[in-house]
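Descriptive analysis of the structure
Letter by letter, the chains look like this.
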Amino acid sequence: MLLTPFNILIVFVVLLLFLLAFLLVRTATFARPFDQVEALEGLPVDMQVVAEHLSAAIRCETYATGPADTPNRQGLLGLHRLLEELYPRLHATLKRELINEFSLLYTWEGAQPGLPAVLFMAHQDVVPVEPASLPDWTYPPFEGRIADGFVWGRGAIDIKNQVVTLFEAVEGLLKAGFQPQRTIYLAFGHDEETGRGGGAEAMAALLQERMVTLAAVLDEGGMIANGILAGVKEPVAMVGTGEKGYLTLELSVKGQPGHTARPPAHTAIGVLAGALSRLEASPLPAHVSALRPLFRSVGGSAPFFTQMAFANLWLFGGTVKRRLEADPSTNAVVRTTAAISMIQAGLRDNILPAQASAMVNFRLLPGDSIAAVCDYVRQVIRDERVHFECVEDKAWEASPTSPVDGPAFHCLETTTRRVFGNISVAPYLVAGATDARKYVPLGENVYRFSPVVMEPADLNRMHGTNERIAVVALEMMVKFYADLLPAWSEMQVA
Ligand SMILES: [Zn+2]
């Protein structure tokens, strides 16, 4: 064949068409398929009653106080009494243990106690309310007012809603005569918000000591995002299948104190500032493929070009990376982040500083170990005058990623669709820390998900002002747990 310009053009067009076909086929086969499920009839739920129960739970003030984060004895014991009063069947049937005075561990013995158990969790404590924000609350934060179709107050969404609806579901199942096959644990820590380790950590250690293994764990974390994922118009149930690790490094530089009238070329502050600025300028590498499983599950609900890009990262990886990096919330999901959060140096304006120090908080992507991040910091800083060390109790590795192809995730997915319609159920990485990671040594199926629909405007209410939950959302939560509790307790595990 002659290499005329026309022939070259033909070859070029044919290649282009092949490429286009290849991209389209990959895009069309990218989404993770799922079965359509029938809507759930489920337990009858009187949502007004559930709302009143949540309202009473909000009135128990369970935030920690003082510099030592002392648990609020009165509030926590008040909540315990309330739960006993509201859920008599549960308290007559399940074994209840108090761990470190305030955490609640319930055991619902299964008919086959030899099988790995399942565990549902939430926390009893809430964050306090900033006095300065009080005038902005529509209703007082600890009154538990039911108005305008919502229950208002601290803990309504984080996460007394989960505590109360789990109790409602178990009480309802007992009333219906349900008996689990696997043993079911309900674990409610009392210090999740302060991370003091007396709650979930102690309960997980106790279960480990008793040689308990877990077939599945459900904690808070993800929710049903409605209008939160860019470009995705339909709701997506975001299930946390892993969480980032945590590392705080203290960087310090020693200086020679003296008169500022005869300064050296660089003071301790200058040296430290140089190191910090190099750290900010050289972030750890981004791994765009970390978001692939999420977009595979979102499937057709995501805009076509987003799907095409994630299905063909070999071609569009660079563009996708630039877009994700530009937004701090998506940047946090694709890389280990570093935040310079504290700095301390200097005594007076006319004294050379004897020392300068700073705290840098890293959130580790699975795959980036603490040791690897420390190596990276050493390489980026390249200055022997800067010392750094891990801050005690402030370093843990990223959690392993829980599977999405096993029966535990499958049940979770089915229950979500039965209650919320045939929406996408997508795995994702939780950027913050949850208590769920404490249970990782007991089993690999650890999921972080609350069955509540969240819209962009709701995000700031969590730990913020005017926290509230729709009364109708409580009904969905009870139905969800009343379906998942039996499903998990009876699921087959290979
Ligand atoms: Zn929480």
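Residues numbered from 1 in each chain as written. Predicted model: local features only at pLDDT ≥ 70, side-chain atom pairs only at ≥ 80, totals over all residues. Heavy atoms only, no water.

1. Overview of the coordination of the zinc ion
- Bound to the zinc ion are the protein donor atoms His123 (NE2), Asp158 (OD), Glu220 (OE) and Glu220 (OE), situated 2.0 to 2.5 Å from the metal.
- Considering all four donor atoms around the zinc ion, angles at the metal cover 52 to 147° and the coordination shape is irregular.
- Each donor residue of the zinc ion belongs to the same chain, with the gaps between them written as H-x34-D-x61-E. Here His123, found in strand β3 (residues 117-123), pairs with Glu220, found in strand β7 (residues 214-225); they are 97 residues apart in sequence, far enough to count as distant. Both residues of the pair, His123 and Glu220, count as buried. (Donors = N, O, S within 2.8 Å, 3.2 Å for Na, K, Ca; no water. Tetrahedral: all angles 85-135°; square planar, octahedral: opposite > 155°, others 65-115°. Helix = DSSP H or I, 4+ residues; strand = E, 2+ residues; numbered from the N terminus. Buried < 20%, exposed > 50% of the residue type's maximum accessible area, 1.4 Å probe, protein only.)

2. Section: the sheet that holds strand β4 (residues 146-147)
- What the three strands build is an open sheet, ordered β4-β5-β15; its pairing is antiparallel. Since the sheet does not close on itself, it has two edges, and those belong to β4 and β15 (468-470), each with one partner.
- Bridge count between strand β5 (residues 150-152) and β15: three bridges; the pairing is antiparallel. Along β15, the bridge assignment pairs Phe150 with Ala470. (Pairing = 2+ DSSP bridges.)

3. A word on the environment of Val440
- Along the chain, the position of Val440 falls in the loop between β13 (424-430) and β14 (446-454).
- Taking the relative accessible area as the measure of exposure, Val440 reaches 22% and is therefore partly exposed.
- Dropping the residues within four chain positions of it, Val440 is found in contact with Pro400, Val446 and Arg448. (Contact = heavy atoms within 4.5 Å.)

4. Considering the pairing of strand β6 (residues 184-189)
- Most of β6 is tucked away: six of the six residues are buried.
- Burial along β6 is two-sided: the residues Ile184, Leu186 and Phe188 and Tyr185, Ala187 and Gly189 are all buried.
- As paired strands, strand β2 (residues 103-108) and β6 are joined by five bridges and run antiparallel to one another. Within the sheet, the bridge partner assigned to Leu105 lies in β6 and is Ala187.

5. Topic: helix α14 (residues 471-490)
- The terminal C-alpha atoms of α14 lie 30 Å apart, and with 20 residues this matches the ideal 28 Å at 1.5 Å per residue to within 8%.
- A large share of α14 lies buried, amounting to 16 of its 20 residues. (Expected span 1.5 Å × (residues − 1).)

6. Observations regarding the packing of aromatic side chains
- Applying the stated criterion to the full structure yields 17 aromatic pairs.
- Note on Phe120 and Trp488: the rings are 5.4 Å apart at their centroids and 45° apart in plane angle, and the pair reads as tilted. Residue Phe120 is located in strand β3, and its partner Trp488 is located in helix α14; the two are separated by 368 residues in the primary sequence.
- Trp488 gets classed as buried once you look at its relative accessible area, which sits at 0%.
- Put simply, the rings of Tyr87, Tyr106, Phe167 and Phe188 touch in pairs and so form one group of aromatic residues.
- One residue, Arg437, lies across the ring of Trp396, its end atom 3.9 Å from the ring centre.
- The ring of Phe150 carries the charged tip of Arg468 above its face, separated from the ring centre by 3.7 Å. (Phe/Tyr/Trp six-rings, centres within 6.5 Å; stacked < 30°, edge-to-face > 60°. Lys NZ or Arg CZ within 6 Å of the ring centre and 35° of its normal.)

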